[in-house]
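Close look at the chain arrangement
In case you want the letters, here they are:
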Amino acid sequence: MDKSTEPRRSNRFTLLAPPGDTLDRLEHTRRLDPPIRGLAKAVRARIRPGKLRDLLHGVPIGHPLHPALATFTLGSLISTSVLDLTSANPRAARRLLAAGLVTALPTAMAGVTDWSTLHREQQRVGFVHGLANLTALCLYSGSLFLRVTGRSGRAMAFAGLGAAGLAGYLGGHLAYRQAAGANHAESVTHLVPTGWHDLCSLQSLPHGRPVIRRLGYIDLFVLRLKETVHVLADGCSHLAGPLHQGRLAIEGGNPCVICPWHGSVFRLSDGSVVHGPATSPQPCLRTRLREDGIVQVCV
Ligand code: FES
């Protein structure tokens, strides 16, 4: 394309632009990258792979933990504002506000842990989402301080609600437009007719080395271990990393594959998540061997 006619992406933010355009620009602005790089590195160094990190990602519940915790935090803070509006029960409003601030800590920890393993475009939006939440928490904390010292604090809480609303909007963009936290392997089994399909000959598969094979529209991770063939969807459920490029490992006595992008570990026998950041299991296809040596998979 002629450079003079190539559309140019502006990094300028303007209040008159539609919100979607502004967020598109935010995704591509590089100005935020130095602090993002530093913070993501610090988070990964502080919250090392292990039980706490898996818990914060939400591996035990099979979903990201952050949105579940955010429900408690935001619910408490919004309820505070409803009570403030009606001047119904200042004591209850104070308690709800305190509860929201207490649950904000684990909510933020879960969010920042997920954020540290996202793509850069997602991290840029997530960074501003975090700043908006931090602003909201400062305002709500100030409101609580004013309340316990005998003053109103309601105006500060309403300002906090505005910042939390902006953070929620950015969080929605992250989750629904940028698919952070979504299962990136969900569509796999819908792209091929159900039933048994020929995949490849057993002889064409190397021993102990994963390869990629295509079945219709889907890419499959295929690993032959002696006469057993393990087949998983190739695109990682976290952010679609190529599993056939990952390392093999033994976890709890079971053969597993480690995603090359962010280190999620999946059990080969059933695709279950052993370690995050992935929280959704990897689609695992049953296999059988035809008499003529053709490996078949069941979708
Ligand atoms: S793409 Fe992130 S762990 Fe696989």
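Calculation notes
- Residues numbered from 1 in each chain as written.
- Predicted model: local features only at pLDDT ≥ 70, side-chain atom pairs only at ≥ 80, totals over all residues.
- Heavy atoms only, no water.
- Helix = DSSP H or I, 4+ residues; strand = E, 2+ residues; numbered from the N terminus.
- Buried < 20%, exposed > 50% of the residue type's maximum accessible area, 1.4 Å probe, protein only.
- Contact = heavy atoms within 4.5 Å.
- Phe/Tyr/Trp six-rings, centres within 6.5 Å; stacked < 30°, edge-to-face > 60°.
- Lys NZ or Arg CZ within 6 Å of the ring centre and 35° of its normal.
- Salt bridge = Lys/Arg side-chain N within 4 Å of Asp/Glu carboxyl O.
- Pairing = 2+ DSSP bridges.
- Axes fitted to C-alpha atoms, helices over the stretch in contact; angles between N-to-C directions.
- UniProt positions renumbered as here; feature names shortened; annotations may be inferred.
- pLDDT = per-residue confidence, 0-100.
- Polar contact = N/O pair within 3.5 Å; in protein donor to acceptor, adjacent residues only side chain to side chain.

Notes on the overall build of the protein
- Of the regular secondary structure elements, the protein holds 7 helices and 10 strands.
- Projected onto its principal axes, the C-alpha positions of the protein cover 80 × 55 × 35 Å.
- Scored against the burial criterion, the 299 residues of the protein give a buried share of 41%.
- In the protein, of all internal contacts separated by at least 6 residues, the share reaching a separation of at least 24 is 55%.

Focus: the packing of aromatic side chains
- Taken as a whole and assessed by the stated rule, the structure comprises 1 aromatic pair.
- The ring centre of tryptophan 196 lies 4.1 Å from the NZ or CZ of arginine 288, which sits over that ring.

Observations concerning the pattern of salt bridges
- Applying the stated criterion across every chain yields a total of 8 salt bridges.
- Arginine 267 is the partner of aspartate 270 in a salt bridge, and the nearest nitrogen-oxygen pair spans 4.0 Å.

A short note on unusual backbone geometry
- Following glycine 276, the chain continues into proline 277 via a peptide bond in cis, with omega recorded as 20°.
- Following the sequence through the fold, proline 277 ends up in the loop between β8 (273-275) and β9 (284-289).
- In this structure, lysine 226 takes a positive phi of about 55° despite not being glycine.
- Judged by relative accessible area, lysine 226 falls into the exposed class, the value being 67%.
- Positive phi values are uncommon outside glycine, yet alanine 240 reaches one of about 75°.
- Relative to the helices and strands, alanine 240 is located in the loop between β4 (228-233) and β5 (247-251).

A word on the sheet that holds strand β2 (residues 211-215)
- Pairing within the open sheet is antiparallel, and its 6 strands lie in the order β1-β10-β9-β4-β3-β2. Since the sheet does not close on itself, it has two edges, and those belong to β1 (196-201) and β2, each with one partner. The sheet shows a mean angle of 35° between the axes of neighbouring strands, taken without regard to direction.
- Pairing between β9 and strand β10 (residues 294-298): 4 bridges, direction antiparallel. Counted as the bridge partner of arginine 288 is glutamine 296 from β10.

Thoughts on the UniProt feature "transmembrane region" (unreviewed entry) in the protein
- UniProt records the feature "transmembrane region" (unreviewed entry) at residues 96-115, 127-146 and 158-176, using the numbering of this structure.
- With 100% helix and 0% strand, the stretch residues 96-115 has end C-alpha atoms that lie 27 Å from each other.
- With 100% helix and 0% strand, the stretch residues 158-176 has end C-alpha atoms that lie 27 Å from each other.

Topic: the sheet that holds β8
- Taken in spatial order, the 4 strands line up as β5-β6-β7-β8 in an open sheet, and their pairing is antiparallel. The sheet terminates laterally at β5 and β8, the two strands that pair on one side only. Each adjacent strand pair in this sheet contributes to an overall mean axis angle of 40°, direction not counted.
- For strand β6 (residues 254-258) and strand β7 (residues 265-267), the ladder comprises 3 bridges, and the chain directions are antiparallel. Across the sheet, isoleucine 258 pairs through a bridge with valine 265, a residue of β7.

Observations regarding the confidence of the model for the protein
- Considering every residue of the protein, the mean pLDDT works out to 92; 94% of them sit at 70 or more.
- When pLDDT is averaged over each helix and strand of the protein, the minimum, 85, is found for helix α1 (residues 19-28) and the maximum, 98, for β7.
- Considering only residues more than four positions removed or in separate chains, one finds that residues 1-8, a stretch of pLDDT under 50, has 2 contacts.

Considerations on the side chain of serine 264
- Relative to the assigned elements, serine 264 resides in the loop between β6 and β7.
- Judged by relative accessible area, serine 264 falls into the buried class, the value being 1%.
- A distance of 2.8 Å separates a polar side-chain atom of serine 264 from the backbone nitrogen of alanine 278.
- Look past the residues within four positions of serine 264 in its chain and what remains in contact with it is Cys236, His238, Val257, Ile258, Cys259, His275, Gly276, Pro277 and Ala278.

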